[in-house]
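Descriptive structure summary
Single-letter residue listing:
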Amino acid sequence: MAAEVTEQPTAEFRPEGAEILDEQRAAAMAGEPPFAETTRTVGDRLITSLKDSVIAAVIGLVLFGPLVGLETVPGSESRLAVNQRWGVVAIIVAVVFAGRLALNLLVWHTDYPITASFGRIFSRTERMHQADWIIVWVVAAILAVLNYYATELAELMVIVATIAFVVVVGRKVFAAYIPDLPYSQIFGGLFLLFAIALPLIAYGLLPDQLRYVMDQAVVMLAYIMLGWGLNIVVGYAGLLDLGYVAFYAVGAYSFALISHYFGLSFWVCLPLAGILSATWGLILGFPVLRLRGDYLAIVTIAFGEIVRLILLNWADFTGGPAGIGHIPQPSFFGLPFDRSEHGVAAFFGVPFSPILRIIWLYYIILVLALITGTISSRLRRLPIGRAWEALREDEIACRSLGINTRNTKLTAFACGAMFAGFAGSFFATRQGFISPESFNSGESFLILAVVVLGGLGSQLGIVISVIFINAVSELRQFHEYRVLIVGLALVLIMVWRPRGLISTRFPSVQLRDRKKVPAAVPAEGHG
Amino acid sequence: MEYFLQQLINGATLGSIYGLIAIGYTMVYGIIGMINFAHGDIFMVGAFMALIAIIVIGVTAATPFFVLVLALIVVLVVAMVLTSVWGWTVERIAYRPLRGSFRLAPLITAIGMSLILQNFVQLVQSARVKPLPPIITGGYSLGESSGGYVVQLSNIKIVIVVITVTLMVAFSLLISRTALGRSQRACEQDARMAALLGVNVDRTISLTFVIGAALAAVAGMMFLLYYGVIDFYIGFNAGIKAFTAAVLGGIGSLPGAMLGGVVIGMIETFWSAYFPAAYKDVAAFSILAITLIFLPSGLLGKPEVEKV
């Protein structure tokens, strides 16, 4: 299905009658009859907009009034009392009213909706109209002013916004001259170079904060790896796995327990953890994979919780809520990271510093993540990968073409679980301590959000969304709201851009030319 | 024997709460074929609405009997109305724009909504647990046994079971006798055909969410009065268990939801009574997996025919 769709038909190949539709569409966009709201004057529309906004504000008041306005706080005699905050409610209601009014006036009840302009600016193929440039210039002016005046946190955000703006508009301008620049390859290559050189860059630019930068980078790479692993299950095979963290936990606990009871090292346990996780993926997947998508989702949540509860309550074996500590560190080809004369620092004759270990961890996770990414993108082109994608598109068609759906799903599930197992044992060795608290369902939702926001099936998108989510959690002002923001992002991206931030896909097989599938063809699973 | 009887009573009470939540799942599934993951959190919002109403009105166990009854009815109605607005909004924002989108889209927004509701309530009402002293007190002792174990039938349990049964009857009448119920059943059978015949499908779906949310609010209030403590996270576990109840009873079937709720309540209570209580959630979640694998159409459900 996806491979057939190539690009917008050009004028000469257009079928008979298609021009008329185009004319009608143009007329509709220009607000001409029969599509224009001819009977409604500007005043009418204003009144409609106002009415609608008042209704929205009233609903906002009902929604937020009790929960926000009346905070239950501990009062006297261990009874709860109420803390009234009507000022906050008033602000929220005002924001709802103003936002709805702006939407009404600029998008819904107007002949020139601002969203159409945005669509043209963001799309590489559509040509921009004269009026759209006004928006570009206005945004550029605002950003210029903000760049001049903003301070601290705001400054960072403004810089990021400016870069994003330059990328979007620059890409637009470039696309006019070089239409088929392989953007994802270019960005991917730049990211890779940057990642390899990161310790040097960080040391050169921010020597004081090297430790912090490397820690952040390790966390982000671990999430990228988990995202790429889950992408096999959710993005390629279309199985909504909400218990992914269970396999992450299996990997972490496999390593911790094996090293605790048998004293094996990280490098021996890493493959073992992957194999064990994959085995658990097979065991858990076998009975449930014939369920429909939404049943599968909730059963995997249940499995995730079961694994966590068992880890929590089987205290004799797993240490229970106290967790497991003293997990060994990975060595550098047999050399430990310590001050001793057999250590890495002594071997290379450099002064010992704990940062060496962190940089080593960084390269381990970088390599693990790259392995995950490479293997999963290669798998996608193999027959098994094509079977996954076919399964996502239409299960019944797959079955009638002789694909063994159960085995295909199981392999996807087990592959995803294996990478989670690798990531889990890396997590255990990095932390040196694990407890069931790290593997709650919130973590599963976060990994899912990484995959969904980036775009189901897109590897570059996953990198971008990890950077976004990490930025949100690291900014002190947002820290409290981070899960709320992730939730909002999940809803908004599904409503506005269901294929995620990076929405174009290259088909894994093609007849002659390599052509991408435009975002406007969301062929994913109607079955 | 007395111990067993006591567990039976506890199980029925808990089961009533799960059953009320399960109805929301089963109705939504019946009409648009999706699992509303956010429903457990709507239940949590309902519990908070009831809590806020109780504190604002100032109901305590010391309130005179008739005033108490009146006040609790007011609290119930307020919680139902306010929570239904939340239910309606969730559907309007997160599900309606996605009709006809790809299969996983509404599931993903549902997860997003669930995260939003949990964290929003945590943010505005703080993460601390909210204790509430018992309001409906007293009860009866049944059958003094030789072993000295006394079966307690407290008033709160009677209230919960009576309200649940009343609502179930009222609700079944609503579905079987009114125009709303008819259009709902029509949409369930074939939404497109119902639309062609003049049923306002969007409105019917919205009302389904409103009814589901109202019943979840009742469940939330019962939960609050029964356990006397709530927090922003109660929706997660209760949601999965209620969903298990809906599946066990046969998803799409209303009596099934109630039956499934009672069965799950019983399993959880008896497991806590006779086996290690720490694993009671494991037992409930395992029931979900086992049911889906061996009895996918549930106890009272119709087998699902996959149309090509």
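Residues numbered from 1 in each chain as written. Chains lettered and ligands numbered in written order. Predicted model: local features only at pLDDT ≥ 70, side-chain atom pairs only at ≥ 80, totals over all residues.

1. Brief notes about the overall build of chain B
Scanning chain B for helices and strands turns up 11 helices and four strands. Compactness check: chain B gives a C-alpha radius of gyration of 20 Å against a globular reference of 19 Å for 308 residues, within 12% of the reference. Judged by the C-alpha coordinates and their principal axes, chain B covers about 65 × 45 × 40 Å. Counting only residues that meet the buried cut, chain B has 50% of its 308 residues in that class. (Helix = DSSP H or I, 4+ residues; strand = E, 2+ residues; numbered from the N terminus. Rg over C-alpha atoms; globule rule 2.2 N^0.38 Å. Buried ≥ 20, exposed ≤ 12 C-beta atoms within 10 Å, placed from the backbone.)

2. As for the overall build of chain A
Scanning chain A from terminus to terminus reveals 21 helices and two strands. Counting every position in chain A, which comprises 527 residues, the buried fraction comes to 33%. Taking the intrachain contacts of chain A between residues at least 6 apart in sequence as the baseline, contacts between residues at least 24 apart amount to 71%. (Contact = placed C-beta atoms within 7 Å.)

3. A word on the interface of chain A and chain B
Each partner contributes to the interface: chain A provides 50 residues, whereas chain B provides 52 residues. If you list the elements that add at least two residues to the side of chain A that touches chain B, you get α2 (42–69), β1 (70–74), β2 (80–84), α10 (266–288), α11 (293–313), α18 (441–454) and α21 (482–496) of chain A. Here the side of chain A that touches chain B gets 13 residues from one element, more than from any other, and that element is α11(A). Residue composition of the side of chain A that touches chain B, grouped by class: 36 nonpolar, eight polar and six charged. (Nonpolar A, V, L, I, M, F, W, Y, C, P; charged D, E, K, R; others polar.)

4. Here we look at the environment of A:L291
Mapped onto the elements of the fold, A:L291 is located in the loop between α10 and α11. By C-beta crowding, A:L291 is classed as partly exposed, having 18 other C-beta atoms within 10 Å.

5. What to know about the domain arrangement of chain A
Domain assignment breaks chain A into domain 1 (116–181) and domain 2 (206–496). For domain 1 of chain A and domain 2 of chain A, the distance between their C-alpha centres works out to 35 Å. (Domains from an automatic or database assignment.)

6. What to know about the packing of helix α2 (residues 39–57) of chain B against helix α9 (residues 234–249) of chain B
Residue and element names in this part refer to chain B. As a packed pair, α2 and α9 sit with axes 7 Å apart at the nearest point and diverge in direction by 130°. One way to sum up the angle between α2 and α9 is to call them oblique. In this structure, α2 crosses over α9, and the sense of that crossing is right-handed. Where α2 approaches α9, its residues H39, G40, D41, F43, M44 and A47 are matched on the opposing element by I234, G235, F236, A238, G239 and A242. Split by residue class, the contact of α2 with α9 holds seven nonpolar, four polar and one charged. (Axes fitted to C-alpha atoms, helices over the stretch in contact; angles between N-to-C directions. Parallel < 35°, antiparallel > 145°, perpendicular 65-115°, else oblique. Left-handed = near helix turned anticlockwise from the far one by under 90°.)

7. Re the environment of A:A144
Mapping A:A144 onto the fold places it in helix α5 (residues 130–149). For A:A144 and A:L61, which are 83 residues apart along the polypeptide, the C-alpha to C-alpha distance reads 37 Å.

8. So, the confidence of the model for chain B
Keep in mind that low pLDDT regions are not for reading the predicted coordinates in detail. Residues and elements named next belong to chain B. Summing up the model confidence of chain B, the mean pLDDT is 85 and the portion of residues at 70 or higher is 96%. α2 holds the highest mean pLDDT among the elements of chain B, 91, whereas strand β2 (residues 139–142) holds the lowest, 75. Reported confidence for the predicted complex is 0.85 by ipTM and 0.83 by pTM. (pLDDT = per-residue confidence, 0-100.)

9. Digging into unusual backbone geometry
Residue and element names in this part refer to chain B. For S126, which is not glycine, the phi torsion reads 70° and is therefore positive. Along the chain, the position of S126 falls in the loop between α4 (105–125) and β1 (130–131). Taking the number of C-beta atoms within 10 Å as the measure of exposure, S126 has 16 and is therefore partly exposed.

10. Thoughts on α10(A)
Given a rise of 1.5 Å per residue, 23 residues ought to cover 33 Å, and the 32 Å separating the end C-alpha atoms of α10(A) matches this to within 8%. By the burial criterion, the buried members of α10(A) are A:C269, A:L270, A:A273, A:G274, A:L276, A:S277, A:A278, A:W280, A:G281, A:L284, A:G285 and A:V288. (Expected span 1.5 Å × (residues − 1).)

11. Some remarks on the pairing of β2(A)
All names here are of chain A. Counting buried positions along β2 yields zero of five residues, so the element is predominantly exposed. Sheet analysis places β1 next to β2, joined by five bridges and oriented antiparallel. Each residue of the ladder has a partner; that of P74, found in β2, is L80. (Pairing = 2+ DSSP bridges.)

12. Examining the nonpolar core
Across soluble globular proteins, you tend to see nonpolar side chains buried next to one another. Counting residues in each nonpolar core, the largest one holds 208 residues, and the members touching the most others are A:M225, A:I365, A:A449 and B:A47. Per-element accounting of this core gives the leading share, 17 residues, to helix α8 (residues 201–227) of chain B. If we ignore the near neighbours within four places in the chain, the residues touching B:A47 are B:G220, B:M221, B:F223, B:L224, B:I230 and B:I234. (Core = buried A, V, L, I, M, F, W, Y, C linked by C-beta atoms within 7 Å.)

13. Side note on the environment of A:R392
Residues and elements named next belong to chain A. Locating R392 in the fold gives a position in helix α15 (residues 383–393). Among the residues examined, R392 registers 26 C-beta atoms within 10 Å and is labelled buried. When the C-alpha positions of R392 and V233 are compared, they lie 10.0 Å apart, and in sequence the two are 159 residues distant.

14. Some thoughts on the confidence of the model for chain A
All names here are of chain A. When pLDDT is averaged along chain A, the result is 78, and 80% of the positions lie at 70 or above. The secondary structure element of chain A with the lowest average pLDDT is helix α1 (residues 18–30), at 56, and the one with the highest is helix α17 (residues 405–431), at 90. A low-confidence stretch, residues 1–14 (pLDDT under 50), is modelled with 15 contacts involving residues beyond four sequence positions or located in other chains. Here residues 520–527 is modelled with pLDDT under 50, and outside its nearest four sequence neighbours on either side it reaches 21 contacts, counting other chains as well.

15. Topic: helix α8 (residues 210–236) of chain A
All names here are of chain A. Taking 1.5 Å of rise per residue, the 27 residues of α8 would be expected to cover 39 Å, and the 37 Å separating its terminal C-alpha atoms lies within 8% of that figure. Its axis deflected by about 40° at L230, α8 carries its strongest bend there. When you tally the buried positions in α8, you get 20 out of 27 residues, the bulk of the element. A positive phi of about 70° marks G238, the residue just after α8. (Bend = angle between axes of the 7 residues up to and from the residue.)

16. Brief notes about the packing of helix α1 (residues 2–32) of chain B against helix α5 (residues 155–177) of chain B
Helix packing geometry: the angle between the two helix axes and the distance between the axes. Residue and element names in this part refer to chain B. Running from amino to carboxyl end, α1 crosses α5 at an angle of 40°, the nearest separation of the two axes being 9 Å. With respect to their mutual orientation, α1 and α5 come out oblique. Here the hand of the crossing between α1 and α5 comes out left-handed. Contact with α1, carried on its side by I9, A12, T13, S16, I17, G19 and L20, involves K157, I160, V161 and T164 of α5 and no other residues of that element. Here the contact of α1 with α5 is built from residues that sort into six nonpolar, four polar and one charged.

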